[in-house]
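Here is how the chains run, residue by residue.
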Amino acid sequence: MLEIENLQAGYDRLQVLWDVSMHIREGEFVALIGANGAGKTTTLRAIAGLLTPQGGCVRFLGENITGYPAHRICQAGISFITEELNLFQAMSVEENLLLGAYLCRNQNLIKTNLDKVFSFFPILAERRKQLAGTLSGGERRMLALGRGLMSNPRLLVVDEPSLGLAPIIVLTVFKTLQELHAQGVTLLLVEQNVTNTLQITDRAYLLERGKITLAASSKELLENEYLKETYLGKR
Amino acid sequence: MDLAIIQDLLMTGFLRGGLYASMAVGLALVFGVMNICHFAHGEYYVLGAYCAYFAFVTLGLNPILSLLVASVLSFLAGAISEKLLFYPLRKRSKGEWIMNAFLLTAGLSVVLQNLFRVFFGMKYRGITQFWKTTFHVLGMSLPADRIIAFFIAMVAIAALWLFLKKTRIGRAIRAVSQDENGAKLVGINLDRIQTLTFALGSMLAGLGGASMLSLSPAYPYAGNKPLISSWFVVTIVGLGNVPGAIVGGFIVGIFESVSFFFLGSGWQDVASLTLLILLLLFKPTGLFGTQIKSVWE
Amino acid sequence: MQTIISSLNKIGKILQRAIGSLNTIGFSTPFIVFIILIACAPLYIKNQYMLRLLVVSLYYGILAMAFDFTGGFINAVNFGYAGFVGLGSYTSALLVVYTGINPWLGLIIAMGVTASVGFLTGLLTLPLRGIYVSLMSWFVGLTLMALASALVEVTRGARGLVVSPIDESATILTHLYILLTLMMVIYFILRLIINSHIGLAFKAIGQNYDAACASGVNPTKYKLFNFTLSCACAGLLGGYYAHFVGIVTPDVMDTGHTMEVMALSYIGGSGSLLGGVFAAFLLLPIFDSLKQLMEYRLIIYGMLLILVMIFYPVGLNGLYQKFLQFIKRKKETKL
């Protein structure tokens, strides 16, 4: 459903990604792993349209979406949950969620989606009138996920959901992602927490210095010697 | 001192404050959403005044219709200038957007002022009144135009509030002011929202100029005074703070009418500017400055 | 014959060396040619009016240069610049009118007064950043203008204050040479500062305030110094211009005049110092020669400013640099 071919991207004259190619099939849960500064976030930003690629091609559901502005990509069905969440701090939880469904004009559908999100994250229902800026770290991440789900995305792209969260909350977030996957949402996950990630995903790509160096199923990667040595910290 | 004088001063200040509030709300909106320090805001005020004049006097339309024409035209003028100037600047400017956009509005202000002068000359175009009645408020008789201009400003602000709070597009405008990337990611077309915001701000100014036509006639430089006063307002309450701009509008209106009474026109400017400098010095973020960026929450 | 040629050669070499050393202090060859052209202007321009135009262009050019010293380097646009120019005009004019001192002394005092007010404005803007600095200086400029209009008993308000000329025997040529010298001196000083470590600190503050602070640059000192010097120039020129024109009204402090100077400095190229001077000499004569355009003068200014801001932020200076690169490349390909 998502195909990326020879993606080149960067900031001004600094190129970060070199010939990144990857694909995601419908219903898959794919991870993009790698060290800090390897270019994971840059890849996601290029997919989501926050960054215009310098070369290569991104196709989604057969449509060439390379270089589309972010709002068109959202319209095409990709929801991107950034590392910094980009919540609307001064608005209530409910308004944030409603904005997640900005492109949808069907009030009934919005209502259904809202109920779905609330059943997924009951805490958000409790705090629906509270301002997003006053939520705790875990709640904010759930709100961001919920907002991303409000548009009924075909593909959910999540960047570092465990960042800055207490270990117990990290587990909840991972469980939530697993549940979402079980419900049929296609997911692309970027994580530094490699072991946990590989345990819940189907396949994974390893990104190193802006290049894809490994691509295999998560099970295989868990056994991969190189990965064990450098990323999993086992010997 | 006479009680009647105090009452009169407060009333004049309050009615003036209504205009400043609606002008300042436009300024605050444009800054809050687009990060533009709008220096040409006064020119849209003048544009509104000219439109209302020609609609009312030349075309002989009724007052309501004239005001409507003025606001629609200033809305359009705002939209066109955004698309023509700020849109290309946004696409090209990397850092430094705030400063560049500010200089651009300064250039725009000069261009518009002098275009008015070339087209309409230095002639003052005013009317005696839109409505031929006087109202009696608290024992004072006031021309209907004053009261109605005030109510128009209030209605415009209330309508804006409803629009921002209750509609999907309004919510999108607030979203852009709080987090541009977040707004893009939920599918909001930033370019459209920005054009709309600028147009709305210009419309508020244009409507202000139109409704005040009988009190201050249209001429090329008529926008300077309201511009400075509404900048006064947004600076004291903090740039980009819309509800603060309403309160600030009344504070400045009353302050100006009181200081005018005691100091006369020349020294009143000195007094308000000195006050402003002191305020900026001790509270750079404005009276109601907050940490979280938003236009109206 | 031989001796003539050899002596010519010698002269050529001396000239070359002179130009070379002038180049090192910032007087590039085109600038030297420009100075010589203006200095010799009386030889080929006999028309009083045209000479006066040169003086006015010089005046605006120097102002744009001093404006750029703040706007183009520490990235703080002094939006009340006309206010400071007017302060210089009024200080010198009032002193001469009321105390009858020598106008030259009046000029020096005007420079000092404006510099101190500039220093104070710098102090006021210290806690502020970016756009707030512009706002604050704008308000200071407006206050100065409001004061000039309000103090009717002293300044005669809008009726204007009649000022005696700088020197009874001064002709238009005197003014031309004085302003030309002023331009060279001011340019020399500003450029000396820009090329020293102080200039480096200016640029650091202008580009990234926080990073500059973090790397040990004390912005307070530099900001104040910059503001003071730039305003001192404004005061000096304002004072001079008052004596040159012979009348001062509060209108000289109008924001529109700041706009003119600002437009020249940005059209010339922000951060180039000389760009503004060339822009003034390019635009003012054009506006003047097309008399029917006078009406549209400010419109063209505004539009040029807008176009430069949007499409060519490097201005005339950028064009010149491109030209230099082009020549260099041509030379390289020849070699």
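Residues numbered from 1 in each chain as written. Chains lettered and ligands numbered in written order. Predicted model: local features only at pLDDT ≥ 70, side-chain atom pairs only at ≥ 80, totals over all residues. Heavy atoms only, no water.

## Thoughts on the overall build of chain A
1) Next: In terms of regular secondary structure, chain A is built from 10 helices and 10 strands.
2) Next: Against the globule reference of 18 Å for 235 residues, chain A gives a C-alpha radius of gyration of 17 Å, in line with a compact fold.
3) Next: Overall size of chain A, expressed as C-alpha extent along the three principal axes, is 50 × 40 × 30 Å.
4) Next: Looking at chain A residue by residue over its 235 residues, the buried ones come to 55%.
5) Next: Within chain A, counting contacts between residues at least 6 apart in sequence, those at least 24 apart form 65% of the total. (Helix = DSSP H or I, 4+ residues; strand = E, 2+ residues; numbered from the N terminus. Rg over C-alpha atoms; globule rule 2.2 N^0.38 Å. Buried < 20%, exposed > 50% of the residue type's maximum accessible area, 1.4 Å probe, protein only. Contact = heavy atoms within 4.5 Å.)

## Overview of the sheet that holds strand β4 (residues 55-60) of chain A
Residues and elements named next belong to chain A.
1) Next: Spatially, β2-β1-β4-β5 is the arrangement adopted by the four strands of the open sheet, whose pairing is antiparallel. A strand with exactly one partner marks an edge of an open sheet, and here the two such strands are β2 (14-24) and β5 (63-64).
2) Next: In this structure, strand β1 (residues 2-11) lies alongside β4, joined through five bridges in antiparallel fashion. The partner of L2 across the bridge, within β4, is F60.
3) Next: Sheet strands in contact with helix α1 (residues 40-48) are β1 and β2, and its direction is about 110° off that of β1. (Pairing = 2+ DSSP bridges. Axes fitted to C-alpha atoms, helices over the stretch in contact; angles between N-to-C directions.)

## Comments concerning the interface of chain A and chain B
1) Next: In this complex, chain A contributes 23 residues to the contact, which on the side of chain B involves 23 residues.
2) Next: Roughly 2100 Å² is buried in total at the junction of chain A and chain B, and carbon and sulfur atoms are behind 60% of that figure.
3) Next: When residues of chain A are sorted by the area they lose upon contact with chain B, A:H71, A:F88 and A:Y102 head the list and together hold 30% of the total.
4) Next: One can count two salt bridges joining chain A with chain B. (Buried area = accessible area lost by both parts, 1.4 Å probe. Salt bridge = Lys/Arg side-chain N within 4 Å of Asp/Glu carboxyl O.)

## Some points on the interface of chain C and chain B
1) Next: Residue-level contacts link 36 residues of chain C with 38 residues of chain B.
2) Next: For the chain C and chain B pair, buried surface summed over both sides reaches about 3600 Å², with 84% attributable to carbon and sulfur atoms.
3) Next: Of all residues in chain C, C:I131, C:F139 and C:I310 give up the largest surface area on contact with chain B, accounting jointly for 17% of the area buried on that side.
4) Next: On the surface where chain C and chain B come into contact, there are zero salt bridges.
5) Next: Scanning the region where chain C abuts chain B turns up zero residue pairs in polar contact (both at pLDDT 80 or more).
6) Next: Looking at the side of chain C that touches chain B, the elements that each hand over two or more residues are α7 (130-150), α13 (255-268) and α15 (297-311) of chain C. (Polar contact = N/O pair within 3.5 Å; in protein donor to acceptor, adjacent residues only side chain to side chain.)

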